[in-house]
Amino acid sequence: FDVPDTPAIRLRIVVAETKLAAIAAGFTLAGATVTIEVRSGSPAREIIAVAAQRRTDLILIGAHGRTCSSHAVYGSVAERVVRTAPCPVLTACEPAFDFVPVMAGMSTDCAMS
């Protein structure tokens, strides 16, 4: 679908590109090659199209839910990408953390729940 070219949309694109550039900077410092591209349309379709055009080796996509072990936790975008991508897809989710009470000699790090 086409997104109308309005000042509000152009601003959202600039904001998205700025946020992506900040994230990409960390990967670039670590030695990765990062390309930023903001597109409109169906997210899964656009991700798959870019991966095919660039002959991408791997797609890393976020998934949500309580755990990443269940098929049902993938959002519809992640699921479509996993099912139809022209390359391997690595799904990542933020693990749930519970804070553990600090006792003498214990680490103050979070523990996986």
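Residues numbered from 1 in each chain as written. Predicted model: local features only at pLDDT ≥ 70, side-chain atom pairs only at ≥ 80, totals over all residues. Heavy atoms only, no water.

Draft legend 1. Representation of the nonpolar core in the model. If you look at the biggest cluster of nonpolar residues, it comprises 9 residues: Ala44, Ile48, Ala51, Ile59, Ile61, Ala78, Val81, Ala85 and Cys87. What alanine 78 contacts, discounting residues up to four positions off in sequence, is Ile61 and Gly62. (Core = buried A, V, L, I, M, F, W, Y, C linked by side-chain atoms within 4.5 Å. Buried < 20%, exposed > 50% of the residue type's maximum accessible area, 1.4 Å probe, protein only. Contact = heavy atoms within 4.5 Å.)

Draft legend 2. Region of interest: the environment of alanine 52. Take alanine 52: it is sitting in helix H2 (residues 43–53). Taking relative accessible area as the criterion, alanine 52 reaches 44% and is therefore assigned partly exposed. Between the alpha carbons of alanine 52 and alanine 85 there is a distance of 8.0 Å; along the sequence they are 33 residues apart. (Helix = DSSP H or I, 4+ residues; strand = E, 2+ residues; numbered from the N terminus.)

Draft legend 3. Region of interest: unusual backbone geometry. With phi around 50°, arginine 55 is a residue other than glycine that occupies positive phi space. With respect to the element layout, arginine 55 can be found in the loop between H2 and strand S1 (59–62).

Draft legend 4. Structural context of the layout of surface pockets. Here the largest pocket is characterised by a volume of approximately 1200 Å³. Along the walls of the largest pocket sit 28 residues, with Thr35, Glu37, Ile47, Ile59 and Leu60 positioned nearest its centre. For the lining of the largest pocket, the secondary-structure elements that each account for two or more residues are helix H1 (7–29), H2 and S1. Partitioned by chemical class, the residues of the lining of the largest pocket number 17 nonpolar, 7 polar and 4 charged. Empty space within the second largest pocket amounts to approximately 170 Å³. The wall of the second largest pocket is formed by Val3, Ile9, Arg12, Ile13, Ala16, Val38, Arg39 and Ser40. Within the lining of the second largest pocket, the residues separate by chemical class into 5 nonpolar, 1 polar and 2 charged. (1 Å grid on protein atoms, 1.4 Å probe; cavity = no way out; pocket = protein on both sides within 12 Å on 5 of 7 lines; lining within 4 Å. Points joined across faces, edges and corners; volume = space filled by probe spheres on them. Nonpolar A, V, L, I, M, F, W, Y, C, P; charged D, E, K, R; others polar.)

Draft legend 5. Region of the structure containing the pairing of S1. Side chains Ile59 and Ile61 of S1 all project onto a buried face; the interleaved residues Leu60 and Gly62 project onto a face where none is buried. Bridging between S1 and strand S2 (residues 89–92) involves 4 bridges; their strand directions are parallel. Directly across from glycine 62, in S2, lies its bridge partner alanine 92. (Pairing = 2+ DSSP bridges.)

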